[in-house]
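Listed below are the residues making up each chain.
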Amino acid sequence: MRKILAAAFLFLFTQNSPLFAEKGTAVLHSTTGDSEIIGRAVLEDTPEGLKIQAEISKGTPGKHGFHIHQFGDCGDAGKAAGGHYNPDGVPHGFLPKDGFAHAHAGDLGNIEIGEDATGKLEITVPEVTLGGGKYSVGGRSLVFHEKTDDFGQPTGNAGGRAGCGTILLTENQVPAA
């Protein structure tokens, strides 16, 4: 019984502890129904915020909106993911530049796709986390949009959802000292 209580205490204590870093992944699939993998993202809680490293491999050239959406369900051509993750009910913007008072917690801007149909994005968003806190995104989705996010209202005019992937937690470990 003591072992169970100790394990439960340790679990509860470490879930919101800064001593532990969450890691996650999202595999983005085409929303056209063919389930083709079009990208991957690696996410990690850091002292500066949530670091996101994304790679798209089958996109059309140009800038494409890239956002965290409310739900982790990518069904119905990505529409089941809901709207941008916006727990504060604020206008659309670019979170790293505009902050939580002027941007949704899921507003990551754009990812640029080159002529070779590939693109990468590396971004760190302060105060957003994978597991715990007001702006927790574990279990939500990353969405790759068909058009450029022009930062207009209410959601950036980025068009339909070309790709979608659920953010899954993969690891909970003590960071290196």
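Cut-offs used in this document
- Residues numbered from 1 in each chain as written.
- Predicted model: local features only at pLDDT ≥ 70, side-chain atom pairs only at ≥ 80, totals over all residues.
- Heavy atoms only, no water.
- Core = buried A, V, L, I, M, F, W, Y, C linked by side-chain atoms within 4.5 Å.
- Buried < 20%, exposed > 50% of the residue type's maximum accessible area, 1.4 Å probe, protein only.
- Helix = DSSP H or I, 4+ residues; strand = E, 2+ residues; numbered from the N terminus.
- Contact = heavy atoms within 4.5 Å.
- Phe/Tyr/Trp six-rings, centres within 6.5 Å; stacked < 30°, edge-to-face > 60°.
- Salt bridge = Lys/Arg side-chain N within 4 Å of Asp/Glu carboxyl O.
- Polar contact = N/O pair within 3.5 Å; in protein donor to acceptor, adjacent residues only side chain to side chain.

Draft legend 1. Looking closely at the nonpolar core. Of all hydrophobic cores here, the largest spans 29 residues; its most connected members are Phe-66 and Leu-142. Only strand S1 (21–30), strand S2 (37–46), strand S3 (49–56), strand S4 (62–69), strand S5 (107–113), strand S6 (119–125) and strand S7 (141–145) provide two or more residues apiece to this core.

Draft legend 2. Geometry of the environment of Ile-68. Position of Ile-68 relative to the elements: it lies in strand S4. The class for Ile-68 is buried, based on a relative accessible area of 0%. Setting aside chain neighbours within four positions, we find Ile-68 in contact with Ile-52, His-84, Tyr-85, Gly-106, Leu-108, Val-137, Arg-140, Ser-141, Leu-142 and Ile-167.

Draft legend 3. Looking closely at the packing of aromatic side chains. Counted by the stated rule, this structure contains two aromatic pairs. Ring centres of Phe-100 and Tyr-135 lie 3.9 Å apart, and the angle between their planes is 10°; this geometry places the pair in the stacked category. Note that Phe-100 is positioned in the loop between helix H2 (95–98) and S5 and Tyr-135 in the loop between S6 and S7, a separation of 35 residues in sequence. Since its relative accessible area comes to 14%, Phe-100 is described here as buried.

Draft legend 4. Fine view of unusual backbone geometry. You will see that Ala-77, though not glycine, has its phi angle at about 55°, which is positive. Mapped onto the secondary structure, Ala-77 falls in the loop between S4 and H2. The class of Ala-77 is partly exposed, set by a relative accessible area of 39%. The backbone of Glu-127 sits at a positive phi, close to 70°, despite the residue not being glycine. Relative to the helices and strands, Glu-127 resides in the loop between S6 and S7.

Draft legend 5. Local environment of the pattern of salt bridges. Using the criterion set out here, one finds three salt bridges in the structure. Between Lys-51 and Glu-122 there is a salt bridge, and its shortest N-O distance comes to 3.8 Å. Placement of the pair is Lys-51 in strand S3 and Glu-122 in strand S6, with a sequence separation of 71 residues. In this structure, the salt-bridge partner of Asp-98 is Lys-97, at a minimum N-O distance of 3.4 Å. What makes Lys-97 exposed here is its relative accessible area of 66%.

Draft legend 6. Examining the side chain of Asn-110 more closely. In this structure, Asn-110 sits in strand S5. Since its relative accessible area comes to 19%, Asn-110 is described here as buried. In this structure the side chain of Asn-110 is engaged in a polar contact, spanning 3.2 Å, whose partner is the backbone nitrogen of Gly-65. In this structure the side chain of Asn-110 is engaged in a polar contact, spanning 2.7 Å, whose partner is the backbone nitrogen of Asp-149. Beyond its immediate sequence surroundings of up to four residues, Asn-110 is in contact with Lys-63, His-64, Gly-65, Phe-66, Leu-121, Thr-148, Asp-149 and Phe-151.

Draft legend 7. Representation of the side chain of Ser-136. Following the sequence through the fold, Ser-136 ends up in the loop between S6 and S7. A distance of 3.1 Å separates the side chain of Ser-136 from the backbone oxygen of Leu-130, its partner in a polar contact. Not counting chain neighbours up to four residues away, the residues in contact with Ser-136 comprise Tyr-85, Thr-129, Leu-130 and Gly-131.

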